[in-house]
Amino acid sequence: MKPVRLFVLSLALMGLLAACGGEEADPQSAAEPAPEPATTEAIQETPFDTYFDLSGLDQEALDRAMQTIDQESTLEDITVHVRQTLGDSRSLYIIFDVIYPGEADPAEYFTARLASGAVSDPSQAEDLPGQASSSVNGAQTQSDTMTYLAAFDFWEPTLTGQTVSLLIESPAGGRTYAFTWTPENEGFFAQASLTDQTGNTVGSAALSSFLLTLEIPGMDGDQWFSLANTLALLGADGTALPASLGWDADGSRFFAQVYTPAAAGSVQTIQAGDYTGAFQ
């Protein structure tokens, strides 16, 4: 997929994206000033809180969305520790540390892929089908440690219960760290038909805990930009819910990472320009 553009609406990534490694958002697209960057201590101790406002989820929903991995691999004195994941059946956010034998080099950024099945030979790895987006962002959190967030989003609910391998590669290549597990992250998934003011169906929307996707045939990048500026997720009483969305578009398809995930059932409808839809 060749992205058209990346924009962040409302709060944006909560600190770490600005630290390194990700595409920068158009400053004119932010509806509010960016928050203060997170401290290195916060990134190390509560990394997901650096990216997300999780206050809309109760403890049960958080427990279902998180999974402890706690796997380590050491190659040529550099250790990669995959700590924990957050997500659902369409999104997987992975925290991992890169620990150096001496001083960490913030100019060196590791890359990551999410492959299908248990991978013993990285050269034979196959990416999971249906991927909408992926990114890796990181920051130096200790003198010898870089802490990264790898993010993977998919158009369809395919992740939960499927064996995957995370392949983390050193900046210069030559070293690939492989970690395999079966994601247990769970969340909700709801769909809606999008209709125009005359009641005609023009497309569809799908919402999961951490991802909103839209599909409207015939749309282009400029049209998505105009539509995204009017996008709102509404509760049962018609009130717009707080939403922080980082979005991109690929032809007739649009995806938005949801950095303020809401509880299942709390989002009833979607509005985008002249289009509306009710989630089922």
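Residues numbered from 1 in each chain as written. Predicted model: local features only at pLDDT ≥ 70, side-chain atom pairs only at ≥ 80, totals over all residues. Heavy atoms only, no water.

Considerations on the overall build of the protein chain
Okay, step 1: Along the backbone of the protein chain there are 4 helices and 17 strands.
Okay, step 2: Among the 280 residues that make up the protein chain, the fraction classed as buried is 46%.
Okay, step 3: When contacts within the protein chain are restricted to residue pairs at least 6 apart in sequence, those whose partners lie at least 24 apart make up 62%.
Okay, step 4: A total accessible area of about 12,800 Å² is found for the protein chain, and carbon and sulfur atoms account for 46% of it. (Helix = DSSP H or I, 4+ residues; strand = E, 2+ residues; numbered from the N terminus. Buried < 20%, exposed > 50% of the residue type's maximum accessible area, 1.4 Å probe, protein only. Contact = heavy atoms within 4.5 Å. Areas by Shrake-Rupley, 256 points an atom, 1.4 Å probe, with all protein chains shown as cover.)

Here we look at the sheet that holds strand β5 (residues 111-116)
Okay, step 1: Taken together, the 3 strands give an open sheet; going across it, the order is β5-β8-β9, and neighbouring strands pair in antiparallel fashion. Two strands close off the open sheet at either side, each with one partner strand: β5 and β9 (176-181). For this sheet the average axis-to-axis angle between neighbouring strands, irrespective of direction, equals 20 degrees.
Okay, step 2: Two elements, strand β8 (residues 164-169) and β9, share 6 bridges in a ladder whose sense is antiparallel. In the sheet register, Glu169 faces β9, and the bridge partner there is Thr176. (Pairing = 2+ DSSP bridges. Axes fitted to C-alpha atoms, helices over the stretch in contact; angles between N-to-C directions.)

So, the environment of Gly102
Okay, step 1: For Gly102, the location among the structural elements is in the loop between β4 (91-99) and β5.
Okay, step 2: When the C-alpha atoms of Gly102 and Ser143 are compared, they prove to be 8.0 Å apart, with 41 residues separating the residues in sequence.
Okay, step 3: The residues contacting Gly102, other than those within four sequence positions of it, are Ser143 and Asp144.

Brief notes about the pattern of salt bridges
Okay, step 1: Applying the stated criterion across every chain yields a total of 4 salt bridges.
Okay, step 2: With its nearest N and O atoms 3.4 Å apart, the salt bridge here joins Arg175 to Glu76. Of this pair, Arg175 sits in the loop between β8 and β9 while Glu76 sits in the loop between β2 (66-75) and β3 (78-87), and the two are 99 residues apart along the sequence.
Okay, step 3: Residue classification places Arg175 among the buried residues on the basis of a relative accessible area of 15%. (Salt bridge = Lys/Arg side-chain N within 4 Å of Asp/Glu carboxyl O.)

Regarding helix α4 (residues 221-228)
Okay, step 1: Burial in α4 covers these residues: Gly221, Trp224, Leu227 and Ala228. Projected onto a plane normal to the axis of α4, the buried residues spread over an arc of 120 degrees and lie on a single side. (Arc of directions from axis to C-beta.)

With respect to the pairing of strand β11 (residues 201-208)
Okay, step 1: Judged from the 7 bridges that link them, strand β10 (residues 189-195) and β11 form a sheet pairing that is antiparallel. Residue pairing in the sheet places Gln191 in a bridge with Ala206 of β11.
Okay, step 2: Following β10, the chain reverses through 5 residues before pairing antiparallel with β11; Gly199 in that reversal takes a positive phi of roughly 90 degrees.
Okay, step 3: Strand direction decides the pairing type here: β11 and strand β12 (residues 211-215), joined by 5 bridges, are antiparallel. Its bridge partner being in β12, Ala206 is matched across the sheet by Thr213.
Okay, step 4: Joining the antiparallel neighbours β11 and β12 is a turn of 2 residues.

Remarks on the nonpolar core
Side chains of nonpolar character tend, in soluble globular proteins, to be buried together.
Okay, step 1: Residues Ile94, Phe96, Val98, Leu114, Leu166 and Ile168 are the most contacted members of the largest nonpolar core, which totals 27 residues.
Okay, step 2: Elements with a minimum of two residues in this core: β3, β4, β5, β7 (145-154), β8 and β9.
Okay, step 3: For this core, the leading source of residues is β7, giving 5 residues.
Okay, step 4: Those residues within four positions of Ile168 in sequence are excluded, and the remaining contacts are Val80, Val82, Phe96, Phe110, Thr111, Ala112, Arg175, Thr176, Tyr177 and Phe179.
Okay, step 5: In this structure, Ala205, Leu207, Ala228 and Ala272 belong to the second largest nonpolar core, which totals 25 residues. (Core = buried A, V, L, I, M, F, W, Y, C linked by side-chain atoms within 4.5 Å.)

What about the confidence of the model for the protein chain?
Okay, step 1: When the pLDDT values of the protein chain are averaged, the result is 85; 85% of them are 70 or greater.
Okay, step 2: Low pLDDT, under 50, characterises residues 1-35; the predicted model gives this stretch 82 contacts beyond four residues in sequence or across chains. (pLDDT = per-residue confidence, 0-100.)

Remarks on the sheet that holds β2
Okay, step 1: What the 5 strands build is an open sheet, ordered β2-β3-β4-β7-β6; its pairing is antiparallel. The sheet is open, and its two edges are formed by β2 and β6 (131-142), each paired on a single side. Here the average twist between neighbouring strands, direction ignored, is 15 degrees.
Okay, step 2: Here β2 runs beside β3; their pairing, made up of 8 bridges, is antiparallel. The partner of Thr74 across the bridge, within β3, is Thr79.

Here we look at the packing of aromatic side chains
Okay, step 1: For the structure shown, the criterion picks out 11 aromatic pairs.
Okay, step 2: Look at Tyr51 and Phe52: their rings are 6.4 Å apart centre to centre, the planes differ by 45 degrees, and that puts the pair in the tilted class. The pair formed by Tyr51 and Phe52 is uniform in burial state, with each residue classed as buried.
Okay, step 3: Through a chain of ring-to-ring contacts, the aromatic side chains of Tyr51, Phe52, Tyr93, Phe210 and Tyr259 assemble into a single cluster. (Phe/Tyr/Trp six-rings, centres within 6.5 Å; stacked < 30°, edge-to-face > 60°.)

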